[in-house]
Amino acid sequence: MTAEYKVHGDVAVITMNNPPVNGLGHATRVGLTDGLTRANADAAVKAIVITGAGKAFSGGADIKEFGSPKALAEPNLLSVIIAVENSPKPVVAAIHTVCMGGGLELALGCHYRIAAPGTNVALPEVKLGLIPGAGGTQRLPRVLGVETALNMIVSGEPVKSEMLASLPGQKLFDKMAAAPESLAEEALAYARSVADARPLPLVRNMPCKHPLGDAYFQFARNMVKGMAKNFPAPAKCVDAVESATKKKFDEGMAYEREIFTALMFTPESRALRHLFVAERAASKIPDVPEDTVKREIKSVAVIGAGTMGGGISMNFLNAGIPVKILEMKQEALDKGLAIIRKNYESQVKRGKLKQDKYDQRMALLSTTLSYDELKDADLVIEAVFEELGVKEKVFKELDRVMKPGAILASNTSTLDVDKIAAFTKRPQDVVGMHFFSPANVMKLLEVVRGKETAKDVLATVMAIGKKIKKTAVVSGVCDGFIGNRMIEQYSRQAGFLVDEGATPQQVDKAMEKFGMAMGPFRMGDLAGNDIGWAIRKRRATERADMKYSRTADKLCELGRFGQKTGAGWYDYEAGKRDAIPSALVEKMIEDHRKELGITPRKISDDEIVQRLVFALVNEGARIVEDGIASRASDIDMVYLTGYGFPMHRGGPMMYADQVGLFNVAQAMKRFQQNPRDDAAFWEPAPLLAKLAAESKTFS
Ligand SMILES: NC(=O)c1ccc[n+]([C@@H]2O[C@H](COP(=O)([O-])OP(=O)(O)OC[C@H]3O[C@@H](n4cnc5c(N)ncnc54)[C@H](O)[C@@H]3O)[C@@H](O)[C@H]2O)c1
């Protein structure tokens with residue numbers, strides 16, 4: 001049982017106890033209804049209090065039950081709320097810390113509510129692509145007014161109890177407790193004070209109207225349309241709340257349920273629920289226990305004040321951790337520092353950062369030209385030129401000076417972390433911390449686990465990743481780690497498509513319509529086409545079997561590296577970032593096709609999306625097979641947070657699950673027949689083939 005029952009004189013207290021947030025799973029629901037039955041059967045009990053143990057009243061539904069028959073198993077949340085409403089003895093919700101989703105809906109079913117200050121109150125279902133499904137859209141407007149309630153439901157954001165209690169005319173809280181510590185006592189006293197009150201007040205009987213009526217809902221719909229983009233749920237929140245003002249209560253409830261059930265099966269809600277679970281899963285490393293003792297990180301050193309070093313430093317300064325940056329020359333330090341300052345100053349100008357916060361952050365930053373001054377740092381992150389020889393020099397110096405137990409991290413994007421670790425006599429302390437550019441903005445942090453990286457080093461780096469607000473995902477050592485290893489296959493397909501007849505703009509448009517933040521050619525122009533060029537040159541010796549389109553090389557031979565050279569796949573006007581289709585590039589592509597003897601064919605947007613996304617999926621499956629990623633959902637996290645993959649698709653692996661792995665494998669077989677493509681690559685990865693054959697999914 002996950003709810004406790006205790007009688008204090010004439011008041012029964014039912015305490016939900018399902019850590020960490022008293023999720024309303026089946027056992028908790030049984031505990032609640034059993035408690036109600038017992039209390040109503042006990043003549044000595046005059047009133048009932050429902051509350052939550054530990055750190056929440058209740059955080060709401062148990063997400064593990066979502067979409068499963070268990071969520072509907074009796075008593076489901078709706079039946080529990082009806083049992084509460086129908087209780088002949090008054091039921092008081094004693095609310096504290098967290099009161100969200102189903103937890104708030106349960107409280108709204110109670111006859112009275114007393115809340116502790118500081119409680120986070122929310123209906124966050126919209127963040128999972130849903131609307132509240134147990135009366136939230138019908139009852140919250142009745143106690144808070146239509147506008148406040150709709151804002152909360154559409155945003156899903158928590159609001160503090162004291163702020164809600166201060167709203168004129170609010171009926172959400174009948175009483176505010178003086179402090180969280182006195183809530184239990186005050187709830188008992190309050191329950192006694194209403195023990196004889198009859199009839200018992202029910203939220204369902206309260207009126208619900210907006211003075212502007214239809215005009216208000218029209219306005220709300222327009223507002224929501226702008227922000228919701230690819231997600232259907234926010235607009236449905238408006239529909240449901242509107243029905244609270246127009247339909248009888250029970251009809252409104254039925255309408256809410258209908259919408260909730262329909263949304264539950266949409267790909268968008270599946271994607272968001274997947275994301276919720278994937279985010280939590282990514283922080284767990286299968287062979288590193290959660291209670292692993294972590295090393296203390298009180299100060300950080302960064303080697304290199306270039307593009308990455310500066311951005312990386314800002315992350316730690318923002319989190320209040322002192323940073324010392326080392327460079328070879330004073331000029332490089334001055335240049336790096338000036339960029340950090342400029343970044344912060346622009347935040348201050350835009351009102352995103354207060355002047356005193358800026359001053360505090362800059363005060364945590366220091367610089368040096370001498371390794372000896374770094375020796376006491378707990379973590380050092382190297383971000384120097386991408387050359388193994390340079391990394392060797394740096395790591396040998398670090399090995400010489402750093403105190404025992406310091407973590408030595410490299411931000412390398414392509415080099416072998418095991419080789420870097422071998423430059424030191426402490427490979428167990430070496431790890432990759434692969435940030436993405438701009439490092440102070442991008443959420444993703446690939447934590448690269450070398451073959452000797454110690455478990456406590458990994459646990460520490462994952463924890464520090466969280467502290468600096470990154471999504472940290474563990475990758476094994478391989479060329480490109482998770483993200484770039486996959487993007488290479490994606491870019492290769494983009495190249496083949498152009499050879500075969502598509503234009504760069506068609507490919508970009510198709511991918512952007514699919515939802516990518518940017519198509520592959522615009523992305524190349526932004527990141528610099530010379531990066532891929534260097535990789536392909538390396539591949540020519542390392543992996544001669546890998547087939548590439550030569551078009552991108554020809555582009556680079558023209559010096560068209562992208563935005564930084566004012567021209568790439570597209571033309572750019574000075575100082576602007578708008579991609580303008582280039583007649584010169586078009587001619588270059590046509591000439592190249594002629595050289596290859598290709599008659600261009602019309603290529604559909606569907607083919608473009610499938611070839612690019614399924615290339616990610618096939619390589620992703622190999623990455624899971626190789627043990628480079630612990631789970632398919634980690635790959636989704638990498639793509640959602642580092643590569644602009646559309647959130648509403650849930651990541652490439654989740655997207656493949658939704659298309660159906662059988663269909664994905666069939667498409668790959670079709671691509672194998674294309675003589676211009678790479679048939680060997682399109683052989684479905686064994687993991688994918690196996691799952692497809694068994695009608696299973698990656699998740
Ligand atoms: N730029 C990106 O998008 C990106 C993304 C992820 C990872 N990385 C990786 O980050 C690292 C740095 O890349 P960047 O783009 O910041 O390069 P950058 O050229 O902008 O900066 C490198 C800095 O390191 C300094 N430096 C070079 N050798 C040094 C030494 N021996 N000691 C001290 N300082 C030295 C240079 O003076 C320069 O300021 C590389 O390993 C790169 O692969 C880059």
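Above: the structure in question.
Just so it is clear, the structure is predicted and the values come from calculations on it, not from any experiment. (Residues numbered from 1 in each chain as written. Predicted model: local features only at pLDDT ≥ 70, side-chain atom pairs only at ≥ 80, totals over all residues. Heavy atoms only, no water.)

**Student:** Which residues make up the overall build of the chain, and what values go with them?
**Tutor:** Along the chain, the regular secondary structure elements total 29 helices and 19 strands. Over its C-alpha atoms the chain spans a radius of gyration of 29 Å, differing by no more than 12% from the 27 Å that the globule rule assigns to 699 residues. Each of the three principal axes of the chain carries a C-alpha extent, and together these read 90 × 65 × 50 Å. Taking all 699 residues of the chain together, 55% fall into the buried category. Considering only contacts within the chain whose residues lie at least 6 apart along the sequence, 73% involve residues at least 24 apart. When the accessible surface of the chain is totalled, it reaches about 30600 Å², and 56% of it is carbon and sulfur. Taking the 93 positively charged and 85 negatively charged side chains of the chain as two groups, their mean positions are separated by 2 Å. (Helix = DSSP H or I, 4+ residues; strand = E, 2+ residues; numbered from the N terminus. Rg over C-alpha atoms; globule rule 2.2 N^0.38 Å. Buried < 20%, exposed > 50% of the residue type's maximum accessible area, 1.4 Å probe, protein only. Contact = heavy atoms within 4.5 Å. Areas by Shrake-Rupley, 256 points an atom, 1.4 Å probe, with all protein chains shown as cover. Lys, Arg positive; Asp, Glu negative; His and termini not counted. Charge placed at Lys NZ, Arg CZ, Asp CG, Glu CD.)

**Student:** So what's going on with the pairing of strand β10 (residues 300-303)? Residues and values would help.
**Tutor:** Of the two faces of β10, the one carrying Val-300 and Val-302 and the one carrying Ala-301 and Ile-303 are both buried. As judged from the four bridges shared by β10 and strand β11 (residues 323-326), these two strands associate in the parallel manner. Of the residues in β11, the one forming a bridge with Val-300 is Val-323. Once the chain exits β10 it traverses helix α13 (residues 307-318) before rejoining the sheet at β11, and the crossover so formed is right-handed. Relative to strand β13 (residues 379-382), β10 runs parallel, the two being bridged by four bridges. Bridge pairing links Val-302 to Ile-381 in β13. (Pairing = 2+ DSSP bridges. Right-handed = clockwise from strand over helix to strand, strands pointing away.)

**Student:** Could you give an account of the site of the ligand, naming the residues involved and the relevant values?
**Tutor:** The local shell around the ligand holds 22 residues, among which Met-308, Glu-327, Glu-386, Lys-391 and Asn-411 are the closest. Take Thr-307: an N or O atom from its side chain is 3.0 Å from an oxygen atom of the ligand. At 2.5 Å from an oxygen atom of the ligand is found a side-chain nitrogen or oxygen belonging to Glu-327. Taking 820 Å² as the accessible area of the ligand by itself, protein coverage stands at 78%. At the level of secondary structure, the elements contributing two or more residues to the shell around the ligand comprise α13, α16 (388-401) and β15 (430-435). (Near = heavy atom within 4 Å. Polar contact = N/O pair within 3.5 Å; in protein donor to acceptor, adjacent residues only side chain to side chain.)

**Student:** An account of the nonpolar core is requested, with residue identities and associated values reported.
**Tutor:** With 68 residues, the main nonpolar core has Ile-482, Met-511, Val-613, Phe-614 and Phe-698 as its most contacted residues. For this core, the leading source of residues is helix α25 (residues 605-625), giving 11 residues. When we break this core down by domain, the ones giving at least three residues each are domain 2 (300-477) and domain 3 (483-693). Those residues in contact with Phe-698, other than ones at most four positions away along the chain, are Val-617, Ala-621, Ala-632, Met-653, Ala-656, Asp-657, Leu-661, Leu-687, Leu-688 and Leu-691. By size, the runner-up hydrophobic cluster in this structure holds 66 residues, among which are Met-16, Leu-106, Ala-149 and Phe-173. (Core = buried A, V, L, I, M, F, W, Y, C linked by side-chain atoms within 4.5 Å. Domains from an automatic or database assignment.)

**Student:** Provide a residue-level description of the sheet that holds strand β9 (residues 175-176), including the pertinent values.
**Tutor:** The strand order β1-β2-β3-β4-β6-β9 describes an open sheet built from six strands, whose pairing is mixed. Each having just a single partner strand, β1 (3-8) and β9 make up the two edges of the open sheet.

**Student:** So, the sheet that holds strand β7 (residues 120-122): which residues are in play, and what are the values?
**Tutor:** Taking strand neighbours across the sheet as the criterion, the three strands line up as β5-β7-β8 in an open arrangement whose pairing is mixed. The sheet is open, and its two edges are formed by β5 (98-100) and β8 (159-160), each paired on a single side. Examined bridge by bridge, β5 and β7 share three bridges and lie parallel to one another. Its bridge partner lying in β7, Val-98 is registered against Asn-120. Against the sheet, helix α4 (residues 102-109) touches β5 and β7, its axis set at about 85 degrees to β5. (Axes fitted to C-alpha atoms, helices over the stretch in contact; angles between N-to-C directions.)

**Student:** Let's hear about the packing of aromatic side chains: which residues, and what values?
**Tutor:** Taken as a whole and judged by the stated rule, the model has 12 aromatic pairs. Ring centres 6.0 Å apart and planes at 50 degrees place the aromatic pair Tyr-344 and Tyr-358 in the tilted group. Of this pair, Tyr-344 sits in helix α14 (residues 330-349) while Tyr-358 sits in helix α15 (residues 355-363), and the two are 14 residues apart along the sequence. Owing to a relative accessible area of 0%, Tyr-344 belongs among the buried residues under this scheme. Residue classification places Tyr-358 among the buried residues on the basis of a relative accessible area of 7%. With 4.4 Å between their ring centres and 15 degrees between their planes, Tyr-639 and Tyr-643 make a pair best called stacked. Classification of Tyr-639 by relative accessible area gives buried; the value is 0%. A relative accessible area of 11% means that Tyr-643 is categorised as buried. (Phe/Tyr/Trp six-rings, centres within 6.5 Å; stacked < 30°, edge-to-face > 60°.)

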